[in-house]
Amino acid sequence: MDFISILSIFVMACFVGYYVVWSVTPALHTPLMAVTNAISSVIIVGALIASAAGGSASSKWLGLLAVVLASVNIFGGFAVTSRMLAMYKKKDR
Amino acid sequence: MGHTDVIFTVVHFDVVAALAYLVAGVFFILALRGLSSPATSQRGNRFGMIGMTIAVVTTLVTHQLASLAEIAIAIAIGGAIGWITARRIKMTDMPQLVAAFHSLVGMAAVLVGWAAYLNPIAFGIAGPDGVIETQSRVELGLGIAIGAITFSGSVIAFLKLAGKMSGAPIMLPLRHVINLGTVAAILALVGWFTQDQGFWVIAAITALSFLIGFLLIIPIGGADMPVVVSMLNSYSGWAAAAMGFTLHNTAMIITGALVGSSGAILSYIMCRAMNRSFLSVIAGGFGVDAAAAGGEAKEQRPWKRGSAEDAAFLLGEAENVIIIPGYGMAVAQAQHVLREMGDQLKARGVSVKYAIHPVAGRMPGHMNVLLAEANVPYDEVFELEDINSEFGQCDVAFIIGANDVVNPAAKTDKASPIYGMPVFDVEKAKTIMFIKRSMGGVGYAGVDNDVFYMDQTMMLLADAKKMVEDIVKALAH
């Protein structure tokens with residue numbers, strides 16, 4: 001993919017992010033931060049590439065360490081978000 | 001035969017992978033979209049998990065799996081730590097947990113950047129001679145820099161939020177000059193990196209970025225933390241996006257852009273709710289000068305003290321009660337007993353509503369989570385602009401652990417450091433009950449609050465949890 005295509009996706013995604021985030025209800029701003037935290041750990045993709053590749057032992061170990069950190073975030077982020085969201089209840093009467 | 005087929009298969013495989021990453025990105029958009037209402041939010045969270053699974057599986061199947069066992073162990077270790085932490089964490093500790101998670105994203109970005117630098121051929125950013133492409137060098141340099149700033153900034157924010165470091169602003173002399181100089185040096189080094197792929201250049205970028213993240217956060221005080229946490233949230237997104245540019249990965253770019261704009265919008269909402277510019281928050285030191293100024297202007301004015309029994313009586317007789325929680329409620333862990341009080345009042349036919357200021361607490365939405373934890377239904381909880389017109393018909397405004405957000409000086413006193421901040425019109429309520437530890441402390445901004453001395457105000461001086469417990473007992477009689 002050339003740079004301009006990537007940049008286009010990035011700019012469009014910024015706009016999508018802008019409109020989607022404004023529609024998030026303020027009551028859920030803490031879960032929003034927790035879930036954005038979890039999804040930004042998609043950086044694990046880069047960590048996996050480094051871990052899987054041969055050619056450089058140091059690169060592989062840095063990659064594996066990054067996989068550990070990103071996994072903490074992915075599992076922790078989604079789990080804590082789900083725990084918080086489960087607490088939001090409507091009036092039952 | 002064979003040769004063209006292989007090429008075809010490879011191209012085909014690349015297209016499938018690219019499409020899979022795109023689908024993962026779309027799931028991440030749906031994850032945030034789900035948060036527009038508590039009713040759809042759980043589904044949104046599941047979309048997020050699906051997106052992440054797609055991204056991880058796609059990466060694993062499109063790369064050689066020489067070290068699958070190690071990778072599985074790494075995921076298991078990280079996943080177990082994350083999952084157990086998420087299970088055990090107390091809701092009041094959520095701000096520091098989020099800060100800690102931000103630091104991990106930042107550190108992961110730095111590590112991935114370094115891994116890509118050390119093995120550029122595996123990342124497809126260098127020719128067979130190992131010389132990294134110029135454009136990739138810029139992306140790599142910026143990605144590492146943003147990741148490092150996110151890491152060290154979040155560590156400081158974590159220490160301040162967890163109370164392991166004083167929440168007071170730490171002011172270095174000449175800090176603006178030092179900060180701007182460091183940022184300029186980092187950018188210059190990224191420029192240098194395009195010319196010189198040397199180890200020391202990238203090492204210097206990393207070191208200076210760790211330093212600037214630290215320097216940026218230490219002068220910022222405790223109650224400005226909602227802005228800081230949102231800002232670091234934004235940075236963690238931009239770090240992921242920068243790595244996405246390096247790896248030409250759409251899932252990372254889309255996510256980075258989403259998280260980056262999300263954090264930026266939250267920072268903006270927090271700044272607007274304090275009527276302060278983003279730059280003035282970043283410059284730091286808020287509360288230091290104001291405390292000194294407020295000290296001189298203080299005078300002795302008469303105020304009324306009430307007991308839990310007085311409060312219980314008036315609350316029981318009221319028709320409409322609006323409860324305004326603040327950070328003090330979180331510190332005292334008073335949310336559960338507060339809900340009990342609300343239940344008792346509702347049983348007597350009193351209408352009870354909760355009013356939340358955007359900057360109440362230490363992170364956006366902090367109070368909402370605590371009330372939800374205490375089983376307060378979310379349709380009894382209102383935002384500032386939705387409830388502020390109701391104070392005129394309100395019998396009791398019950399303020400627990402909040403101060404600056406009910407200070408009328410924000411509306412009337414142009415000299416006040418909080419002038420222009422949107423506040424609750426509590427002075428329109430028939431009775432104001434103000435729970436506070438003592439008459440001494442005067443809130444984060446360090447300004448006196450006229451509400452203490454109003455005719456209709458009853459000061460309830462005690463620990464918030466103890467006072468509400470006593471009110472609950474008195475109501476039961």
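Residues numbered from 1 in each chain as written. Chains lettered and ligands numbered in written order. Predicted model: local features only at pLDDT ≥ 70, side-chain atom pairs only at ≥ 80, totals over all residues. Heavy atoms only, no water.

Participant: For this particular structure, what's the right way to read the overall build of chain A?
Facilitator: Regarding its fold elements, chain A presents 4 helices and 0 strands. In chain A, the order of α-helices and β-strands from amino to carboxyl end is α-α-α-α. Along the longest, intermediate and shortest principal axes, the C-alpha atoms of chain A span 65 × 35 × 15 Å. A total of 93 residues make up chain A; the buried ones form 63% of that total. Residue pairs at least 24 apart in sequence account for 63% of intrachain contacts in chain A once pairs closer than 6 positions are excluded. Carbon together with sulfur atoms contributes 71% to the accessible area of chain A, which is approximately 3300 Å² in total. (Helix = DSSP H or I, 4+ residues; strand = E, 2+ residues; numbered from the N terminus. Buried < 20%, exposed > 50% of the residue type's maximum accessible area, 1.4 Å probe, protein only. Contact = heavy atoms within 4.5 Å. Areas by Shrake-Rupley, 256 points an atom, 1.4 Å probe, with all protein chains shown as cover.)

Participant: What exactly am I supposed to notice about the interface of chain B and chain A here?
Facilitator: Often, the extent of an interface is quoted as the loss of accessible area upon association of its parts. Counting residues at the interface gives 103 residues for chain B, matched by 80 residues for chain A. With both sides pooled, the region where chain B packs onto chain A buries about 8100 Å², and carbon together with sulfur makes up 77% of that total. Area buried by chain B at its contact with chain A is led by Leu35(B), Met52(B) and Leu111(B), which between them contribute 8% of it. Viewed at the interface, chain A and chain B are joined by 1 salt bridge. Residue Glu70(B) pairs with Lys60(A) through a salt bridge whose shortest N-O separation is 2.8 Å. Where chain B packs against chain A, one counts 18 residue pairs in polar contact (both at pLDDT 80 or more). Those elements that place two or more of their residues in the side of chain B that touches chain A are helix H1 (3-33), helix H2 (38-62), helix H3 (68-88), helix H4 (94-118), helix H5 (134-161), helix H8 (225-247), helix H9 (250-274) and helix H15 (366-373) of chain B. No other element matches the 16 residues that H9(B) contributes to the side of chain B that touches chain A. Split into classes, the residues belonging to the side of chain B that touches chain A amount to 63 nonpolar, 29 polar and 11 charged. (Buried area = accessible area lost by both parts, 1.4 Å probe. Salt bridge = Lys/Arg side-chain N within 4 Å of Asp/Glu carboxyl O. Polar contact = N/O pair within 3.5 Å; in protein donor to acceptor, adjacent residues only side chain to side chain. Nonpolar A, V, L, I, M, F, W, Y, C, P; charged D, E, K, R; others polar.)

Participant: When you look at the pattern of salt bridges in this model, what are you seeing that I'm missing?
Facilitator: Opposite charge on two side chains makes pairing possible when the charged atoms of those side chains draw close. Residues and elements named next belong to chain B. This structure, assessed with the given rule, holds 14 salt bridges over all chains. Of the charged contacts, one joins Arg-437 and Asp-463 as a salt bridge, the two residues approaching to 3.1 Å between their closest N and O atoms. Placement of the pair is Arg-437 in the loop between strand S5 (431-436) and strand S6 (457-461) and Asp-463 in the loop between S6 and helix H18 (464-476), with a sequence separation of 26 residues. You can call Arg-437 exposed: its relative accessible area is 63%. The partly exposed category is assigned to Asp-463, whose relative accessible area is 25%. Note that Asp-470 is salt-bridged to Lys-466, the shortest N-O span being 3.0 Å. Remark: Lys-466 and Asp-470 occur in helix H18; sequence separation between them is 4 residues, near one turn of the helix. Through salt bridges with shared partners, a single network forms among Arg-339, Asp-343, Lys-346 and Glu-380.

Participant: Explain a nonpolar patch on the surface to me, please; I cannot follow it from the model alone.
Facilitator: A contiguous nonpolar surface patch, about 1000 Å² in accessible area, is contributed by Phe3(A), Ile4(A), Leu7(A), Val11(A), Met12(A), Phe15(A), Tyr18(A), Tyr19(A), Trp22(A) and Tyr268(B). Considering every element that reaches the nonpolar patch, the biggest residue donor is helix H1 (residues 3-22) of chain A, with 9 residues. As for its placement among the helices and strands, Tyr18(A) is situated in helix H1. Classification of Tyr18(A) by relative accessible area gives partly exposed; the value is 40%. (Patch = residues over 30% accessible without salt bridge, like charges linked within 9 Å, V, L, I, M, F, W, Y side chains within 5 Å.)

Participant: Quick question: what am I supposed to make of the confidence of the model for chain B here?
Facilitator: Any segment with low pLDDT has predicted coordinates that should not be analysed in fine detail. Residues and elements named next belong to chain B. Chain-level pLDDT for chain B is 88 on average; 92% of the residues reach the 70-or-more range. The low-confidence segment residues 289-297 (pLDDT under 50) makes 6 contacts with residues lying over four places distant or belonging to another chain. Taken together, the chains of this predicted complex give a pTM of 0.89 and an interface ipTM of 0.95. (pLDDT = per-residue confidence, 0-100.)

Participant: Mind showing me how you'd approach the packing of aromatic side chains here?
Facilitator: By the definition in use, this model includes 15 aromatic pairs over all chains. Note on Phe10(A) and Phe245(B): the rings are 5.2 Å apart at their centroids and 70 degrees apart in plane angle, and the pair reads as edge-to-face. Placement of Phe10(A) in helix H1 and of Phe245(B) in helix H8 is noted, with the two residues assigned to different chains. In terms of burial, Phe10(A) and Phe245(B) fall into one category: buried. Cluster of aromatic residues (ring-pair linked, three or more members): Phe3(A), Phe10(A), Trp238(B) and Phe245(B). Arg362(B) extends its terminal NZ or CZ atom over the ring of Tyr327(B), reaching a point 3.7 Å from the ring centre. (Phe/Tyr/Trp six-rings, centres within 6.5 Å; stacked < 30°, edge-to-face > 60°. Lys NZ or Arg CZ within 6 Å of the ring centre and 35° of its normal.)

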